Amino acid sequence: MPIVQIVFYAFALVLTAASVMVITVRNPVYAALFLVLAFFSSTAIWILLEAEFLAIVLVLVYVGAVMVLFLFVVMMLDINLAPLSEGFIRYLPAGVGVASIMATELMVVLWTRGRFDAAAFPIPAPHPQGYSNTKALGELLFTQYVLPFEVAGIILLVAIIAAIALTLRKRTGVKAQNPARQVMVQRDERMRVVSMKSEPRQDG
Amino acid sequence: MNVSNILLAAPEIWVFTMACVILLVDLFLREERRGIIQLLAMATVIFAGFITMRAEYVHDGTFIATAFNDSFLRDPMGDVLKLFTYFIVALVFVYAKSYLRQFNMFRADFYTLSLFALLGIMLLISANSLLMIYLGLELTSLSTYALVAYDRDSSRGSEAAMKYFVLGSMASGMLLYGMSMIYGATGSLNLDAIGAAVSSDKRDDLVLVFGLAFLVVGLAFKLGVVPFHMWIPDVYEGAPAGVTLFIAAVPKMAAFAMAFRLLQTGLGELHADWQQMLAVLSVLSIVLGNVAAIAQTNIKRMLAYSTISHMGFILLGFAPGTGAGYGASMYYVMVYSLMTAAAFATIILLSSRGVEAEHLDDFKGLNQRNSWYAAVMAMVMFSMAGVPVFVGFFAKWLVIQATLEAGMLWLAVVAVVFSVVGAFYYLRVVKLMYFDDPETEVPISATLDFSLALSLNGVLVIGLGIFSGPLIAVCMRSFAA
């Protein structure tokens, strides 16, 4: 067995195990950490396929940014998990039944007659030296796929707008400082001069 | 690719630019001058219509052009659908303004999100590759999820948005899985190339049909046909009426185009396979939609079930797989949007004092309060029930005719029988308006633009019925080739 295959199977195993753990562990922090492990393993598989740009982006964006943010949210929110797993046992038999029927059907379709066998998808020929994965991707993105690329950008913009529209609110009655008003304050607003009649001195 | 090719997408570019402009202009506007946003949004839609019509090929109705490496398509069907979508969106903007003002929700977000949804719908109508279909769909869905939760303090709205989001994401997942199978079997994302690969001899039937099943499930979710309809009543009821108006009337046009492009352009050779699936879906929808609507006392829910049955009719037009069938479906979807817009506009009209007129009892004695609006609502209800002369009759008639021509007698019989059943709950609204006494004496007030738009809408419901020829001809011509 060549070294590439050994490496592939090792990382594929870790990836599968980590993915299973993500959905089975109870603690959401552990789940997030297992997801990081899953991302790392798939990064290794990308590199085996000589797709180094995708591999690096996966680490930078997903592991570096998305998962860290996710961990922050999980820790800050302190979600109570007990209600979430309520009824799990009750619905388990039906869920397992449906899932196993679907999985069997999928396998019957996908595995019969060697349609998606390893033989049907030979290992791609290695790229020549000096081949730039990044350049090839960039060229495709800005020529053939420029419209989908731009639309994907618009979708992200809509996500931002929607998030702001749904959460940003001007609440009334909040005790916040307004520095401009503080500086502009007039004497009359803060101080009241009361003229009183002087009273005679009262000696003990 | 050259510049003139990019200009095929000029309407999309214009709508996107204006959505961003409105987003920015809103920052510099005082609250009492928000009316400018409404004007800008209307101008956007109207000019988009001019830009779409400007293209010389709209006039002879045969021109087909692609841009962006064949992933974007301009054809007569798409142009007609887009023009009609602009018209409906303009109506929606007029109706929604008075709703938003009344319920103190008049913010620019509604207009930007609606315009982004419109952009998604336009891209979906023009999509010619699996990738563009998926992206257009996501853009539309994401904007509408946010619109459903637009009233942030309403727990019903948030619940509806959550349901819509979760079920919609699942449907997108199904669709994507089906697309990946189709891609695996044909090796292309482009719909024309997929069509060519499917009609070649070396095709892999099992994987294709497997992918097709998932595609149909995804489509059925988005259209909201039985058994993938559960979200429709809850979303229609939970969303603010102004938003329900939008999501009920506008995105269905894109759903029709998406179904046509995927099933006919891409997988037309598998017609025998998807014909059975669609026949089952449409019969179930027509039956369940019409029967369940009878039990509703909330008019938004009633219209939701009525939508389900209308969607069944639209899928029924697909079943024959002929140009006449697609033309009938396209006509149906346009007529449906027109009628739905008027029906929800009446709900907005009757809403007063911060309470939506969502119960059937709110329509009691409408004739005594204002006979013209009662007449408009009555025409819409007659039209939805499929009473002759009104526009809804011709839509149903064309679909059933196409079904009969294809020799599917039992489908046509079920459709006719349950249309008659459905007439009950439409006519009940008419009975409440004309033969019952009003429960409130609150006068009905509407702004001038609102009453003009509603009157136009009502006149079209009967006018397009009496002079139904031209619009039907336009729809049929789109599929003549």
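Worth saying up front: this structure is predicted, and the values here are computed from it rather than measured.

*Asks:* So what exactly am I meant to see when it comes to the overall build of chain B here?
*Replies:* Per the secondary structure count, chain B includes 22 helices and two strands. Over its C-alpha trace chain B gives a radius of gyration of 21 Å, about what one expects of a compact globule, namely 23 Å for 481 residues. Across its three principal axes, chain B shows a C-alpha extent of roughly 70 × 55 × 45 Å. Looking at chain B as a whole, 58% of its 481 residues qualify as buried.

*Asks:* Would you mind showing me how to read the overall build of chain A here?
*Replies:* When you go through chain A residue by residue, the secondary structure sums to eight helices and zero strands. Scanning chain A from its N terminus toward the C terminus, one meets helices and strands in the order α-α-α-α-α-α-α-α. In terms of overall dimensions, chain A has C-alpha extents of about 115 × 55 × 30 Å along its principal axes. When the 204 residues of chain A are sorted by exposure, 8% land in the buried category.

*Asks:* In this structure, what is going on with the packing of helix α9 (residues 191–199) of chain B against helix α13 (residues 251–266) of chain B? I would like to understand it.
*Replies:* All names here are of chain B. The interhelical angle for the contact between α9 and α13, taken along N-to-C directions, is 35°, at an axis separation of 8 Å. Between α9 and α13, the contacting residues are L191, D192, I194 and G195 on the first element and R261, T265 and G266 on the second. Here the contact of α9 with α13 is composed, by residue class, of two nonpolar, three polar and two charged.

*Asks:* What exactly am I supposed to notice about the environment of F40 of chain A here?
*Replies:* On the secondary structure map, F40 of chain A appears in helix α2 (residues 28–48). For the pair F40 of chain A and K197 of chain A, spaced 157 residues apart in sequence, the C-alpha to C-alpha distance is 83 Å.

*Asks:* Please explain the interface of chain A and chain B as it appears in this structure.
*Replies:* Interface size, as often reported, equals the accessible area lost upon joining of the parts. Contacts between the two partners involve 17 residues from chain A and, on the opposite side, 25 residues from chain B. In terms of residues, the side of chain A that touches chain B owes the most to one element, helix α6 (residues 146–167) of chain A, which gives 13 residues.

*Asks:* Please clarify how the domain arrangement of chain A should be interpreted in this entry.
*Replies:* Under the domain assignment, chain A is made up of domain 1 (1–80 + 104–126) and domain 2 (132–164). Computed from C-alpha coordinates alone, the two centres of domain 1 of chain A and domain 2 of chain A are separated by 23 Å.

*Asks:* How do you make sense of unusual backbone geometry when you look at a structure like this?
*Replies:* The bulk of non-glycine residues show a negative phi, and the bulk of peptide bonds are trans. All names here are of chain B. The linkage connecting V226 with the following residue, P227, adopts the cis geometry, with an omega of 0°. Relative to the helices and strands, P227 is located in the loop between α10 (205–223) and α11 (231–238). One non-glycine residue, D70, adopts positive backbone phi at about 65°. For D70, the location among the structural elements is in the loop between β1 (65–67) and β2 (72–74). For V389, which is not a glycine, the phi torsion comes out positive at approximately 80°. Take V389: it is sitting in the loop between α18 (371–385) and α19 (391–405).

*Asks:* Would you explain the nonpolar core in this entry?
*Replies:* The nonpolar side chains of soluble globular proteins are, as a tendency, buried together. All names here are of chain B. Core analysis: the biggest nonpolar cluster contains 202 residues, and V92, V148 and L245 have the highest contact counts within it. Ranked by residues supplied to this core, first place goes to helix α16 (residues 323–350) with 21 residues. With near-sequence residues (within four places) excluded, V148 lies in contact with G157, A160, A161, Y164, V235, A239 and V243.

*Asks:* Would you mind going over the environment of S285 of chain B with me for this structure?
*Replies:* All names here are of chain B. By the secondary structure assignment, S285 is in helix α14 (residues 271–294). For the pair S285 and A90, spaced 195 residues apart in the sequence, the C-alpha separation amounts to 30 Å. For S285, the residues in contact, after removing those within four places along its chain, are V225, V226, H229, I308, S309, M311 and G312.

*Asks:* Please explain the packing of helix α3 (residues 35–54) of chain B against helix α5 (residues 76–102) of chain B as it appears in this structure.
*Replies:* A pair of packed helices can be characterised by two numbers: the angle between their axes and the separation between those axes. Residues and elements named next belong to chain B. Where α3 contacts α5, the two axes come as close as 10 Å, and the packing angle between them is 165°. Looking at the two axes, α3 sits roughly antiparallel to α5. Crossing of α3 over α5 shows left-handed handedness. Of α5, the residues touching α3 (which contributes Q38, A41, M42, V45, I46, A48, G49, T52 and M53) are D79, K82, L83, Y86, V89, A90, F93 and K97.

*Asks:* How should I be thinking about the confidence of the model for chain B in this particular structure?
*Replies:* As a note on interpretation, predicted positions should not be read in detail where pLDDT is low. Residues at a pLDDT of 70 or more form 96% of chain B, whose mean pLDDT is 90. Among the scores for the predicted complex, ipTM is 0.91 and pTM is 0.90.

Definitions and limits used
Residues numbered from 1 in each chain as written. Chains lettered and ligands numbered in written order. Predicted model: local features only at pLDDT ≥ 70, side-chain atom pairs only at ≥ 80, totals over all residues. Helix = DSSP H or I, 4+ residues; strand = E, 2+ residues; numbered from the N terminus. Rg over C-alpha atoms; globule rule 2.2 N^0.38 Å. Buried ≥ 20, exposed ≤ 12 C-beta atoms within 10 Å, placed from the backbone. Axes fitted to C-alpha atoms, helices over the stretch in contact; angles between N-to-C directions. Contact = placed C-beta atoms within 7 Å. Nonpolar A, V, L, I, M, F, W, Y, C, P; charged D, E, K, R; others polar. Domains from an automatic or database assignment. Core = buried A, V, L, I, M, F, W, Y, C linked by C-beta atoms within 7 Å. Parallel < 35°, antiparallel > 145°, perpendicular 65-115°, else oblique. Left-handed = near helix turned anticlockwise from the far one by under 90°. pLDDT = per-residue confidence, 0-100.

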